[in-house]
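# Fold and geometry: a report
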Amino acid sequence: MTVHPFLAHLNREQLSAGQKVDGTILLEAGPGTGKTNTATSRAAYMVDGHGINPMNMLMLTFTNKAAEEMKERVVDKLGLDGHRMAITTFHKFVARWILSPNQKHPFFVAEGFEKGFICLDQEDASKLVNESMKLSHPDIAKILEIHSYTPKRVMSWLSKVRAQRFSAKSFHHQLLLDDPSLKTAWSDVARRIAMRIDGDSGAAFDNAAELEQLLKKHPKVIDLALCHVWKKYKDQCLSVAGIDYDDMLGMADQLMTADTDIAKRLAAQFQYISVDEMQDTNPVQMSILSQIGHYHGESPNLFMVGDPRQSIYGFRAADVTIMTKMSERYPQTDVVSLVRNYRSSKQQIVTNNAHALTMGGQISDGQLIPHNDGDEKAQLHVFEHDYEEAAHIAGKIKILLNDGVVPGEIAVLYRARGVKDEIEKVLAYDNTPYTVIGDTTFWECKEVKDAVAFARFCSRPNDVMAASRVLETVHLGATGQLLRKNVKQYGNNAKDFIAYIGEKRQRTKPELKRFA
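Residues numbered from 1 in each chain as written. Predicted model: local features only at pLDDT ≥ 70, side-chain atom pairs only at ≥ 80, totals over all residues. Heavy atoms only, no water.

### What about helix H2 (residues 35–50)?
Since the α-helix turns once every 3.6 residues, residues separated by three or four places project in the same direction. With 16 residues, H2 should cover 22 Å at 1.5 Å per step; its first-to-last C-alpha distance of 21 Å lies within 8% of that length. When you tally the buried positions in H2, you get 13 out of 16 residues, the bulk of the element. (Helix = DSSP H or I, 4+ residues; strand = E, 2+ residues; numbered from the N terminus. Expected span 1.5 Å × (residues − 1). Buried < 20%, exposed > 50% of the residue type's maximum accessible area, 1.4 Å probe, protein only.)

Written as structure tokens, this is what we have:
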């Protein structure tokens, strides 16, 4: 049988996956087995070999970098047709094809977004969470303090709960459903922390010790407290007409559930969908996919790629069982496993295979076949302190450099920024040059965010979060928080508030004129 040129370089398992076009296909791809090569070669083959319109194809991944790499490979094979294919991240797909075209939809009007909405970045969302915590009842704040809930931790909690398809209302309802005695047994606690379970609110606790005692007796009160903050946060977001990073997915999911025609239209446009890093999808993302796939038929045209042994985002509500139990969701799923590793040495694969056998609930046994020779073994070092670990890493780097290894061939991967900071200190002390990749992107730099805020405010004078940043950047004598409070309480628009500040505060007029 003649193999299409775009697939001729693939090995047996890769070719098996690359030639499958219709139906639900699950590609279990271990580390270094060529999953991106397989996925992009298949996409190009579908256009060139099967005549599928590239505008009817959608390839989803989790990072901009991965999307760019896939786009480059597809364009390299297809040229202009590669540019016609939608290759993007989940959030960009949702923003462009679901949220933006439907800003005036009755669903959003009912949610309070009569004039549309903006997407809040992480910094803006964090500010609103912080304000929501401060606006909460003093006992709510005390509960969060006792449990060490900082704004960052509250945001993490919100992210995880919303990824499981909960709204503030449905989560509150689920709490009472899971524990029917909660409403009556904790009625006193609920009233006194101003939670409206029984429709009324009570006085604050007399002292912190009394509150701590009740928290020990009723530990689930923390969930009620967080739910209260969540509702406050939702009100804050509504006051600035904004939705955050997680609500982009959540509200898209809710919109599609409320209006099935949206999923139907998307299914007609994107008749073939590919999803990368499937092991890290969460329930909201899978719901969006399944709602679109429903209109493909009994076995939707989903090509899903991932490795359940590399799932690392459980703390963000990623659910690896979405991938491992895909055959239960879609019984006609065709499973292909890539087992030939082209990246690591033989000894490293031996170590990998030994660990793989200990992991239960998987699709296969995870045993890889090494393509490379070499006897370089994986090493495990355990340290008592992070500075000892950093010193060891810096020492190894120095040895490699002295042996003539090119600096660009040395990389240090870390899971937490605290570890990175310690390593940086040691490298700086040793005068070892280094570059940090992916810590702060261009768009996250303060100067860039300031410039973008100015552009947003000029084009949309009632963009409250942009106006807040402008106000704080040009030092007009008022804070962004004051502006947001004024807009929420008195209904003034952001542009009028800034003009008012300029008129009332004589010392700010020179700055105001320069800004104008």
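### Some details on the sheet that holds strand E8 (residues 334–338)
Spatial strand order, E3-E2-E6-E7-E1-E8: 6 strands in an open sheet with parallel pairing. One side of each edge strand has no neighbouring strand; the edge strands of this open sheet are strand E3 (86–89) and E8. Strand-to-strand twist of the sheet, defined as the mean angle between neighbouring strand axes without regard to direction, takes the value 15 degrees. Sitting on the sheet, H2 is in contact with strand E1 (25–29), strand E2 (57–61), strand E6 (272–275), strand E7 (302–306) and E8, with an inclination near 170 degrees to E2. (Pairing = 2+ DSSP bridges. Axes fitted to C-alpha atoms, helices over the stretch in contact; angles between N-to-C directions. Contact = heavy atoms within 4.5 Å.)

### Here's the deal with the packing of helix H15 (residues 245–258) against helix H16 (residues 260–269)
Two elements in contact, H15 and H16, have axes whose closest approach is 4 Å; the angle formed by their N-to-C orientations is 100 degrees. The orientation of H15 with respect to H16, classified from their angle, is roughly perpendicular. Residues Leu255, Met256, Thr257 and Ala258 of H15 form the contact with H16, whose own contacting residues are Thr260, Ile262, Ala263 and Leu266. Residue classes in the contact of H15 with H16 are distributed as 6 nonpolar, 2 polar and no charged. (Parallel < 35°, antiparallel > 145°, perpendicular 65-115°, else oblique. Nonpolar A, V, L, I, M, F, W, Y, C, P; charged D, E, K, R; others polar.)

### Examining empty space enclosed by the protein
Under the counting rule described, the total for this entry stands at 1 cavity of 30 Å³ or more. The calculated volume of the largest cavity comes to roughly 90 Å³. Taken together, 14 residues line the largest cavity, and the ones lying closest to its centre are Arg42, Met46, Met57, Ile273 and Ser274. Looking at which element gives the most residues to the lining of the largest cavity, the answer is H2, with 4 residues. Per-class residue counts for the lining of the largest cavity are 11 nonpolar, 2 polar and 1 charged. (1 Å grid on protein atoms, 1.4 Å probe; cavity = no way out; pocket = protein on both sides within 12 Å on 5 of 7 lines; lining within 4 Å. Points joined across faces, edges and corners; volume = space filled by probe spheres on them.)

### A short note on a nonpolar patch on the surface
Judged by side-chain polarity, Ile312, Tyr313 and Phe315 come together as a nonpolar surface patch covering roughly 270 Å² of accessible area. Looking at where Tyr313 falls in the secondary structure, it is placed in the loop between E7 and helix H18 (321–324). (Patch = residues over 30% accessible without salt bridge, like charges linked within 9 Å, V, L, I, M, F, W, Y side chains within 5 Å. Areas by Shrake-Rupley, 256 points an atom, 1.4 Å probe, with all protein chains shown as cover. Salt bridge = Lys/Arg side-chain N within 4 Å of Asp/Glu carboxyl O.)

### Here's the deal with the nonpolar core
Counting 45 residues, the largest nonpolar core has Leu144, Val154, Trp157 and Leu483 as the members making the most contacts within it. Per-element accounting of this core gives the leading share, 10 residues, to helix H14 (residues 221–239). Those residues in contact with Leu483 that sit more than four places away from it in its chain are Val464, Ala467, Ser468, Leu471, Ala494, Phe497 and Ile498. If you look at the next biggest cluster of nonpolar residues, it comprises 41 residues, including Phe117, Val275, Met286 and Ile322. (Core = buried A, V, L, I, M, F, W, Y, C linked by side-chain atoms within 4.5 Å.)

### Points about the layout of surface pockets
Approximately 550 Å³ is the volume found for the second largest pocket. What lines the second largest pocket is a set of 22 residues, and nearest its centre among them are Lys115, Gly116, Val240, Ala241 and Asn462. Residue composition of the lining of the second largest pocket, grouped by class: 10 nonpolar, 8 polar and 4 charged.

### Some details on H14
Compared with the 27 Å implied by 1.5 Å per residue over 19 residues, the 27 Å span of H14 between its first and last C-alpha is a close match. Counting buried positions over the 19 residues of H14 gives 14, a clear majority of the element. Taken from the residues just after H14, Ala241 is the one with a positive phi, measuring 55 degrees.

### Section: the pattern of salt bridges
Here the structure, examined in full by the defined rule, presents 25 salt bridges. For the salt bridge of Arg73 with Glu69, the shortest nitrogen-to-oxygen distance reads 2.7 Å. On the criterion of helical spacing, the pair formed by Arg73 and Glu69 is a turn pair, its members being 4 residues apart in helix H3 (residues 64–78). Taking the relative accessible area as the measure of exposure, Arg73 reaches 30% and is therefore partly exposed. Residues Arg162 and Asp247 are paired through a salt bridge, measuring 3.2 Å at the closest nitrogen-oxygen approach.

### Overview of the packing of H15 against helix H17 (residues 283–293)
At a minimum axis separation of 9 Å, H15 and H17 run at an interaxial angle of 35 degrees. Two packed elements cross with a definite hand, and for H15 against H17 that hand is left-handed. Side by side, H15 and H17 meet where Leu249, Gly250, Ala252, Asp253, Met256 and Thr257 of the first sit next to Val284, Gln285, Ser287, Ile288, Gln291 and Ile292 of the second. Of the residues contributing to the contact of H15 with H17, the split by class is 6 nonpolar, 5 polar and 1 charged. (Left-handed = near helix turned anticlockwise from the far one by under 90°.)

Spatial relationships are all this shows, so hold off on functional conclusions.
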